Amino acid sequence: MKIENNSLTSLALQKFKKNFWGVFSLVLIGLIGLISVFAYVFAPDASKNANQMHLSIHSKSPGFQVQMLTIPSGQSSDQNFLSELFFGTDNLDTEIPISSYNVKEGILKYTEYTSNGTKNIEKQISIERFPDGDYEKFIETRTFSFGTDKYGRDYLSRVLIGSRISFFIGFVAVFISLFVGLIMGSLAGYYGGKIDAIIMWIINVTWSIPTLLLVIAITLALGKGFWQVFIAVGLTMWVEVARVVRGQIISAKEMQYVTAARALGYKDYRIITKHILPNIFGPLIVISAANFAAAILIESGLSFLGIGAQPPMASWGAMIKDHYNYIILGQPYLALIPGICIMLLVMAFMLVGNALRDALDVKT
């Protein structure tokens, strides 16, 4: 005879599966996460930070095609496979966009691509520069699906690699906020008295400072950089977690199972971690999903202000900053594409949070 599992976890999971937008958003988040981890596998430009610049083809529209001549440097890179997979390749060769070429008497003559009306200058190079003289392998027609940015870099590659910062800042910030918030909220809610008063004073002071201003102050104190932003955002989001945990523990510590644990002589640490916290994870999951979205927006704002991830590192917020002027210059997609990416990721986390809230609502 089959026994149905009617635990709260299984019921919540069944209810979540019935929420189409929640499941769809979770799949979208998983897809973006996969792309962000293996960005250099999917990116057409697999060089570090997709920073291969070609100023002669800057600001080209999506679908632009050009012949690309690669002149080998003759140097070999000592990168290992994992480094190339997760951090991009060291591109030691020289890439030149060309409009035409021909070979005569062992000399490859080519004309560099120009789009600003300047006179085309013909250059030449000996085919002996190419391994075995096979120059044709080093000339290809390259398509830029999302066009190029103002520096002539492949925009699709920059968008894919830029997803890393926006995606992973959510995990790091939420982890830091949960770590600090759980400790502070647990101490305040369980012990009360002076400890509660001191921690609540710290929470109220932190809460009264505008989030963006506090993040900017922490970032400037720690310095500009990748990890500094992650830490700064996480250290400003713990107050929400602490308030929720404090309120939940104040209610839970009067329950009979906590009284029974005390009667059995269990230590406070075990009562909090083994008995109380597992029973209040529902609200924490929901607030964590909301914090994911908030962290992404804060990082985008910092990158737009120029104190987030520093060039040449790709970031959706920095890409909007670099190209927002193009909205009125006839190429709005340069700012709209990363903006839409941020909107989709934030909306996905918010919809997942709403779906989790409904699934974990014991009243329904």
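Thresholds applied
Residues numbered from 1 in each chain as written. Predicted model: local features only at pLDDT ≥ 70, side-chain atom pairs only at ≥ 80, totals over all residues. Heavy atoms only, no water. Helix = DSSP H or I, 4+ residues; strand = E, 2+ residues; numbered from the N terminus. Buried < 20%, exposed > 50% of the residue type's maximum accessible area, 1.4 Å probe, protein only. Contact = heavy atoms within 4.5 Å. Areas by Shrake-Rupley, 256 points an atom, 1.4 Å probe, with all protein chains shown as cover. Lys, Arg positive; Asp, Glu negative; His and termini not counted. Charge placed at Lys NZ, Arg CZ, Asp CG, Glu CD. Salt bridge = Lys/Arg side-chain N within 4 Å of Asp/Glu carboxyl O. Phe/Tyr/Trp six-rings, centres within 6.5 Å; stacked < 30°, edge-to-face > 60°. Lys NZ or Arg CZ within 6 Å of the ring centre and 35° of its normal. Expected span 1.5 Å × (residues − 1). Arc of directions from axis to C-beta. Core = buried A, V, L, I, M, F, W, Y, C linked by side-chain atoms within 4.5 Å. Pairing = 2+ DSSP bridges.

Caption draft 1: Expanded view of the overall build of the protein. On a plain count of helices and strands, the protein comes out with 14 helices and five strands. With respect to the three principal axes, the spread of C-alpha positions in the protein is 95 × 60 × 40 Å. Counting over 364 residues, the protein shows a buried share of 43%. Pairs at least 24 residues apart make up 71% of the contacts formed inside the protein by residues separated by at least 6 positions. On the protein, roughly 19800 Å² of surface is accessible, and the fraction owed to carbon and sulfur atoms is 62%. Within the protein, one finds 29 positive and 25 negative side-chain charges whose respective centroids are separated by 12 Å.

Caption draft 2: Layout of the pattern of salt bridges. With the rule as written, the count across this model stands at eight salt bridges. Of the charged contacts in the structure, one is a salt bridge between Lys123 and Glu112, with a shortest N-O distance of 2.8 Å. Taken together, the residues Lys123 in strand β4 (residues 122–126) and Glu112 in strand β3 (residues 107–112) connect sequence positions 11 residues apart. Lys123 sits in the partly exposed class, given a relative accessible area of 36%. Within the structure, one salt-bridge network assembled from shared partners comprises Glu95, Glu140 and Arg142.

Caption draft 3: Spatial organisation of the packing of aromatic side chains. What the rule picks out here adds up to 14 aromatic pairs. Taken together, a centroid distance of 5.2 Å and an interplanar angle of 55° make the contact between Phe167 and Phe171 tilted. On the criterion of helical spacing, the pair formed by Phe167 and Phe171 is a turn pair, its members being four residues apart in helix α5 (residues 155–191). Note on Phe167: relative accessible area 6%, which makes it buried. Assessed through its relative accessible area of 42%, Phe171 is described here as partly exposed. Through a chain of ring-to-ring contacts, the aromatic side chains of Phe167, Phe168, Phe171, Phe292 and Phe349 assemble into a single cluster. In this structure, Arg243 is placed above the aromatic ring of Trp207, and the distance from its NZ or CZ to the ring centre is 4.9 Å.

Caption draft 4: Highlighting the side chain of Thr236. With respect to the helices and strands, Thr236 occurs in helix α8 (residues 226–236). The contact partners of Thr236, leaving out residues within four places of it in the chain, are Thr211, Leu214, Val215 and Ile218.

Caption draft 5: The arrangement of helix α6 (residues 193–208) in detail. The terminal C-alpha atoms of α6, which comprises 16 residues, lie 22 Å apart, in line with the 22 Å expected from a rise of 1.5 Å per residue. Looking at α6, one finds that the buried residues are Asp196, Ile199, Met200, Ile203 and Thr206. Burial along α6 is one-sided: seen end-on, the buried residues are contained in an arc of 125°. Residues of α6 that are exposed and point more than 90 degrees away from the buried face comprise Lys194, Ile198, Trp201 and Ser208. The secondary structure elements touched by the buried residues of α6 are α5, α7 (211–222) and α9 (238–252).

Caption draft 6: Fine view of the environment of Leu108. Among the structural elements, Leu108 can be located in strand β3. As for Leu108 and Ser47, which are separated by 61 residues in sequence, their C-alpha atoms are 26 Å apart. Excluding its chain neighbours within four sequence positions, the residues that come into contact with Leu108 are Leu69, Tyr101, Asn102, Val103, Lys123, Gln124, Ile125, Ile127, Phe130, Tyr135 and Ile139.

Caption draft 7: Local environment of the nonpolar core. The biggest cluster of nonpolar side chains holds 28 residues, and the ones touching the most others in it are Val159, Trp316, Leu345 and Phe349. Secondary-structure elements contributing two or more residues to this core are α1 (8–17), α2 (20–37), α5, α12 (281–305), α13 (316–323) and α14 (333–359). Element by element, the count of residues in this core is highest for α14, at 13 residues. When sequence neighbours within four positions are dropped, the list of residues in contact with Trp316 reads Val159, Gly162, Ser163, Ser166, Pro338, Cys341, Ile342 and Leu345. With 16 residues, the next largest nonpolar core counts Ala173, Leu214, Val233 and Ala295 among its residues.

Caption draft 8: Inspection of the pairing of strand β1 (residues 64–71) at higher detail. Burial of β1 is extensive: six of the eight residues sit out of reach of the surface. Where β1 meets strand β5 (residues 139–144), six bridges bridge the pair, whose relative direction is antiparallel. Considered in β5, the bridge of Leu69 is made with Ile139. Pairing between β1 and strand β2 (residues 94–104): five bridges, direction antiparallel. Following the sheet pairing, Met68 is matched in β2 by Pro97.

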